[in-house]
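An overview of the molecular structure
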Amino acid sequence: MQESAKFNAFVTMLNISVLLFVVAFGSTEVDTVYWEPFMPAGIHGVMTGAGVVFFAYLGFDMVACLAEEVNEPQRTLPKGIIGSLLISMTIYVGVSLVVTGMAPVDILGSDVPLVNAFMFHDAPWAGRVVSFGSIFGLTTAAFTCLMGQPRIFYQMAKDGLLPSLFAKLHYRTHVPVASTVFTGILVASIALVFDLDFLANVISCGTLQVFTFVNAGVLLLRMRPSLGGVEVVHRVLLYVASCFALSLSFVFDLPWTNQCAFVMMVIASFMYIYRLGKLRCAMIYSLWWGD
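Residues numbered from 1 in each chain as written. Predicted model: local features only at pLDDT ≥ 70, side-chain atom pairs only at ≥ 80, totals over all residues. Heavy atoms only, no water.

1. Notes on the UniProt feature "transmembrane region" (unreviewed entry) in the chain
Sequence positions flagged by UniProt for "transmembrane region" (unreviewed entry) are, in local numbering, residues 7-26, 38-60, 81-105, 125-148, 169-192, 198-220, 232-250 and 256-274. Secondary structure within residues 81-105 divides into 84% helix and 0% strand; the distance between the first and last C-alpha atoms comes to 33 Å. Strand forms 0% of residues 125-148 and helix 100%; the C-alpha atoms that close the span are 35 Å apart. (UniProt positions renumbered as here; feature names shortened; annotations may be inferred. Helix = DSSP H or I, 4+ residues; strand = E, 2+ residues; numbered from the N terminus.)

Below, the structure written as structure tokens:
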């Protein structure tokens, strides 16, 4: 675990260095004329873009998955999550402002806007630096998911939702080996078969669902002491329905293959919740209504 953390920290620093380079070098070429209109695609474009980049927040979710392997998680995890969120938000906003101020929207495009921005200013060498730096971004994203996902499978196996093999830990490193190997094979197979755009959209849809259900669970725990069981469920269902309504504004713009994947993920999510509810029915009843 320590070796993985050191490697991830090293690659992350390289990734941040490239992004800071974009902000520092690109800020000298910013022209505020390109910010007008500030939202060329309107509020619908903002909502669609927000849905697409939702996968960027997976890293914060994965931090919580490593809670069992962190010293004093009650103290360090909130600081780590909030601190990384603030740093990432600052860098994301800075890069977005600089890049959109360097060239017109039609020049930036949707595939490689950072590279196109530097090419627009006759700086191909800077574009190559950014292209090389994108390798670090992909590496950190993939590595973070490969660290967190096996822990999710491990916990699901402990809850009886996956075979017990995934709940076994290595005798020396205490790492879920079976879950890690399975995750690596699964991710490699998916990356080999499916298109990158398709995967990015599917991951964004899945992330929206994950955050929706996680936040719904938090609401259940927070509201339970002050409200009755039925009233809590009604409010949480209203929240979930509202989140799905916002998600649809993003999903309807995707190809039909992504829409089918979204529907399948929704069905699988509810099946998982139903299965988990049957396994934990007695515990939930005792928490809400007592013995």
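Still more to cover.
2. Focus on the packing of aromatic side chains
Throughout the structure, instances matching the rule amount to nine aromatic pairs. Aromatic pair Tyr-34 and Phe-120: ring centres 6.3 Å apart, planes at 80 degrees, arrangement edge-to-face. Note that Tyr-34 is positioned in the loop between helix 1 (2-26) and helix 2 (42-52) and Phe-120 in helix 6 (residues 113-120), a separation of 86 residues in sequence. Under the relative-accessibility criterion, Phe-120 is labelled partly exposed at 35%. Pairing Phe-166 with Phe-182 gives two aromatic rings, centres 5.3 Å apart and planes at 70 degrees, and the pair type is edge-to-face. Of the two residues, Phe-166 sits in the loop between helix 7 (124-158) and helix 8 (177-193) while Phe-182 sits in helix 8, which places them 16 residues apart along the sequence. Take Phe-166: its relative accessible area is 12%, and that puts it in the buried class. We classify Phe-182 as partly exposed; its relative accessible area is 36%. (Phe/Tyr/Trp six-rings, centres within 6.5 Å; stacked < 30°, edge-to-face > 60°. Buried < 20%, exposed > 50% of the residue type's maximum accessible area, 1.4 Å probe, protein only.)

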